[in-house]
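Overview (structure and organization)
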Amino acid sequence: MGIEAVRAREAAHFLPVVNRLPVALVEGRGSRVRDADGREYLDLTAGWGVCCIGHCHPELVEAIREQAGRLMQTTNLFYTLPQLELIERLAALTGEALPRSFLVNSGTEAIEGVVKLAHRATRRTKFVSTENSFHGRTLGALQVIGQAKHRDPYAALLREQHVVPYDDLAAAEAAIDEDTAAFIVEPIQGEGGVNVPRDGYLAGLRKLCRAKGALLILDEIQTGIGRTGRWFAWEHEGVTPDVMALGKGLGGGFPLGAFLCTEAVAKTVALGEHGGTYVGNPLASAAGNAVLRVVERDGLVARADELGARLGARLASFAAEHPDRCLGARGRGLLQGLVLADPERAAAIPKRALERGVLVNVTAGRVVRFFPALNIPEEDLWPALDVIFELVAS
Ligand SMILES: Cc1ncc(COP(=O)(O)O)c(C=O)c1O
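These lines cover the structure that appears in this document, whether it is placed above or below. (Residues numbered from 1 in each chain as written. Predicted model: local features only at pLDDT ≥ 70, side-chain atom pairs only at ≥ 80, totals over all residues. Heavy atoms only, no water.)

Turning our attention to helix α11 (residues 282-297). Under the 1.5 Å per step criterion, the end-to-end length of α11 is 22 Å for 16 residues, consistent within 8% with the ideal 22 Å. Of all 16 residues making up α11, 13 are buried, and the element is well covered by its neighbours. At the N-terminal boundary of α11, the capping side chain belongs to N281, with an oxygen 2.9 Å from the backbone nitrogen of L283. Just downstream of α11, G299 is the residue with a positive phi angle, here 60°. (Helix = DSSP H or I, 4+ residues; strand = E, 2+ residues; numbered from the N terminus. Expected span 1.5 Å × (residues − 1). Buried < 20%, exposed > 50% of the residue type's maximum accessible area, 1.4 Å probe, protein only. Polar contact = N/O pair within 3.5 Å; in protein donor to acceptor, adjacent residues only side chain to side chain.)

Our focus in this paragraph is unusual backbone geometry. Here E96, not a glycine, exhibits a phi torsion of approximately 65°, which is positive. For E96, the location among the structural elements is in the loop between α4 (81-93) and β4 (100-104). In the Ramachandran plot, N132 falls in the positive-phi region, its phi being about 70° despite a non-glycine side chain. In this structure N132 comes out as partly exposed when scored by relative accessible area, which is 41%.

A few words on the environment of D219. Mapped onto the elements of the fold, D219 is located in strand β8 (residues 215-219). Separated by 97 residues in the primary sequence, D219 and A316 have C-alpha atoms spaced 26 Å apart. Other than its neighbours up to four places away in sequence, D219 contacts I111, F134, H135, V185, E186, P187 and A245. In terms of polar contacts, D219 uses its side chain to reach the backbone amide nitrogen of I221, at 2.9 Å. (Contact = heavy atoms within 4.5 Å.)

Right, let's get into the side chain of R369. In this fold, R369 is placed in strand β15 (residues 367-370). At 2.7 Å, the side chain of R369 forms a polar contact with the side chain of E191. Among the polar contacts made by the side chain of R369, one reaches the side chain of N361 at a distance of 2.7 Å. Those residues in contact with R369, other than ones at most four positions away along the chain, are L44, W48, G190, E191, V194, Q222, L335, Q336, G337, V360, N361 and T363.

Looking now at the pattern of salt bridges. According to the stated counting rule, one finds 26 salt bridges in the structure shown. In this structure, E178 engages K212 in a salt bridge whose closest nitrogen and oxygen atoms are separated by 4.0 Å. Here the residue E178 occupies a position in the loop between α8 (169-175) and β7 (180-185), and K212 occupies one in helix α9 (residues 201-212), the gap between them amounting to 34 residues. Overall, the relative accessible area of 30% leaves K212 in the partly exposed class. (Salt bridge = Lys/Arg side-chain N within 4 Å of Asp/Glu carboxyl O.)

A few words on the pairing of strand β2 (residues 32-35). Taking every second residue as pointing to the same face, the buried face of β2 carries V33 and D35, while none of R32 and R34 on the other face is buried. Here strand β1 (residues 25-29) runs beside β2; their pairing, made up of four bridges, is antiparallel. When the sheet's bridge partners are listed, G28 is paired in β2 with V33. Hairpin connection, β1 to β2: the antiparallel pair is bridged by two residues, and G30 has positive phi, about 60°. Sheet topology places β2 next to strand β3 (residues 40-43); three bridges connect them, and they run antiparallel. Residue pairing for β3: V33 is matched across the bridge by Y41. Between β2 and β3, which pair antiparallel one after the other, the connecting turn spans four residues, and G38 there sits at a positive phi close to 90°. (Pairing = 2+ DSSP bridges.)

All quantities given are derived from atomic positions and should not be read as evidence of function.
Below is the structure:
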């Protein structure tokens, strides 16, 4: 079926809230995907930063297949072994700093969980968050999101917000008070434009929160599971949050999120205060276990660090060589952004790249974002990057 037919049929039934690019993808393997006509694309988006071990990694597929044939769903009245393995793995990855976790189905659900948890832990209702932040689209997430375009259509359903500029400790200090349940922040803002704060920002927030009895919540949904060259981006600063949200890469393509917390926070919730039909679902947990096994065994965190540094260096030198087109480059590990001077040109890049066989995303109006699979082969990464460079320069 040609793309025009797909478009017309979908237009009749799909809720019109997404502007699609003109391609229907039907299969993926590693960092390559194919469309319905058999055309291949190099993927620099990894399914929005999700497919951290590449599309359809054989071990992930096999783990899902095996678990699907064994036990797909129970209720959370029962123990399941995949969930047990996953929560033990997550605790170990935090060095037991966040030993308690709860498994959910998406990033935004993890944010719902952390908001509820911070309220129960502190009995306070004020949340402070940062401008341009993205935390998801459910109502708890919209309460703390820093992007008006997502919040405004639903503002009537939400409470007053407390949003401060990102990477601004003085503003955070002024906003965090004795009524504050938590400061919630991304260690690097992803959707907000790959904004990397100065060294010391997270450590400063850690101190400010502690001084006022507020929790520090880190949203590692985009930065976690090795993307920035550490399992969690807070490791770059040696700062431990009270609560952390995970999603995206955790399931490697299978819908899965989690939130983790300290023992002290966990003690403040009571039986029945949170739950859900699919929480700790064995199939999703089996996917998560397979992803973590592969990332660990194949050294993909260190690879993201090393390859990301080289990618960042190439982006920085390209930006320096094209000052008329680029305002700069920034990022950490395999979460990198090339900041274009002209938003109109930036907006055209994803479609032009698609025509050249590359999937790439532009966020925050002018930032070409690179968040490929952590195991993207260099023979895929560099040619794809060259295409982007050509498009930006031409
Ligand atoms: C930092 C961050 N938080 C939360 C979310 C929401 O996750 P989901 O789309 O799985 O609900 C995203 C998604 O892009 C994200 O990047």
